Amino acid sequence: TMGSTFAGCQKWLDLCEQVNTWDTSNVWQFSGTFTNLTLEEIHLTIDTSSATWMSATFAYAVGTKVIDIPNFDTRLVEEFPHMFGSCHELETIKVGPNFVPPAGSNSPNMFLDCFALVGGNGTTYNAAKITGEMAHIDTADNPGYFTAST
């Protein structure tokens, strides 16, 4: 488990490159791991393929405008509550093709109070749509809050 490992970390830039080299392929719980970070941009390439719980993973990130998580694999995740919740200044969430919440996963308040959030095709935050229903790459035919990571 990596629950709350870096919650509130103020020197994240010093650790970022090292964290991205860690073998996290067997970590099942990322709940609160990156809560309260104070970076303008967060870029993580860690392996989340064994994860089943991502509650409040990035919640309350102050001043964060971009979260880029191209390798996040959520196909086994059962819990997403408040994953990006209360990231008031968050504008962009970049994901890869494996960020796909499974049908029936629990995702209340996944995007609660993400007032500045805009999907890659221009879909803007709607306070009535804050669950996992919007957790996909934004397209003209399927509005969502994510942008394809390049």
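Residues numbered from 1 in each chain as written. Predicted model: local features only at pLDDT ≥ 70, side-chain atom pairs only at ≥ 80, totals over all residues. Heavy atoms only, no water.

Trainee: How should the overall build of the protein chain be read in this particular structure?
Mentor: Helix and strand counts for the protein chain come out as 1 helix and 4 strands. In the protein chain, the succession of α and β elements from N to C terminus is α-β-β-β-β. Taking all 150 residues of the protein chain together, 49% fall into the buried category. Contacts in the protein chain between residues at least 24 apart in sequence constitute 66% of all its contacts with a sequence separation of at least 6. Here the protein chain has roughly 6,900 Å² of accessible surface; of this, 51% comes from carbon and sulfur atoms. (Helix = DSSP H or I, 4+ residues; strand = E, 2+ residues; numbered from the N terminus. Buried < 20%, exposed > 50% of the residue type's maximum accessible area, 1.4 Å probe, protein only. Contact = heavy atoms within 4.5 Å. Areas by Shrake-Rupley, 256 points an atom, 1.4 Å probe, with all protein chains shown as cover.)

Trainee: What is the right way to look at the pattern of salt bridges in this model?
Mentor: Close approach of charged atoms allows side chains of opposite charge to pair. What the rule picks out here adds up to 1 salt bridge. A salt bridge links Arg75 to Asp73; the nearest nitrogen and oxygen atoms lie 2.6 Å apart. According to the relative accessible area criterion, Asp73 is buried, its value standing at 10%. (Salt bridge = Lys/Arg side-chain N within 4 Å of Asp/Glu carboxyl O.)

Trainee: Just to check I follow, could you spell out unusual backbone geometry for this structure?
Mentor: Note: most residues except glycine have negative phi, and most peptide bonds are trans. Positive phi values are uncommon outside glycine, yet Ala56 reaches one of about 55 degrees. Within the element layout of this structure, Ala56 appears in the loop between strand S1 (41-43) and strand S2 (66-69). A positive phi angle, near 60 degrees, is found at His82, a position not held by glycine. Positionally, His82 belongs in the loop between S2 and strand S3 (92-95).

Trainee: Please explain the state of the cysteines as it appears in this structure.
Mentor: Structurally, a disulfide amounts to a covalent bond that connects the sulfur atoms of two cysteines. In total, this model carries 0 disulfides according to the counting rule given. In this structure Cys87 is a free cysteine whose sulfur lies 5.3 Å from that of Cys114, the closest cysteine sulfur available. On the basis of relative accessible area, Cys114 is assigned to the buried category, the value being 0%. (Disulfide = S-S within 2.5 Å.)

Trainee: How do you make sense of a negative patch on the surface when you look at a structure like this?
Mentor: A contiguous patch of negative charge, built from Glu40, Glu41, Glu89 and Glu91, is present on the exposed surface. Of note, Glu41 is situated in strand S1. Owing to a relative accessible area of 44%, Glu41 belongs among the partly exposed residues under this scheme. (Patch = residues over 30% accessible without salt bridge, like charges linked within 9 Å, V, L, I, M, F, W, Y side chains within 5 Å. Lys, Arg positive; Asp, Glu negative; His and termini not counted. Charge placed at Lys NZ, Arg CZ, Asp CG, Glu CD.)

Trainee: Just checking my understanding: could you explain the sheet that holds S3 for this structure?
Mentor: Two modes of strand pairing occur in sheets, parallel and antiparallel, and in both the strands are linked by backbone hydrogen bonds. The sheet built from 4 strands is open, its strands ordered S1-S2-S3-S4 with parallel pairing. Looking at which strands have only one partner, the edges of the open sheet turn out to be S1 and strand S4 (146-148). When strand polarity is set aside, the average angle formed by the axes of neighbouring strands in this sheet is 20 degrees. (Pairing = 2+ DSSP bridges. Axes fitted to C-alpha atoms, helices over the stretch in contact; angles between N-to-C directions.)

Trainee: Help me understand the pairing of S3 in this model?
Mentor: The pairing of S2 with S3 spans 4 bridges and is parallel. The partner of Asp68 across the bridge, within S3, is Lys94.

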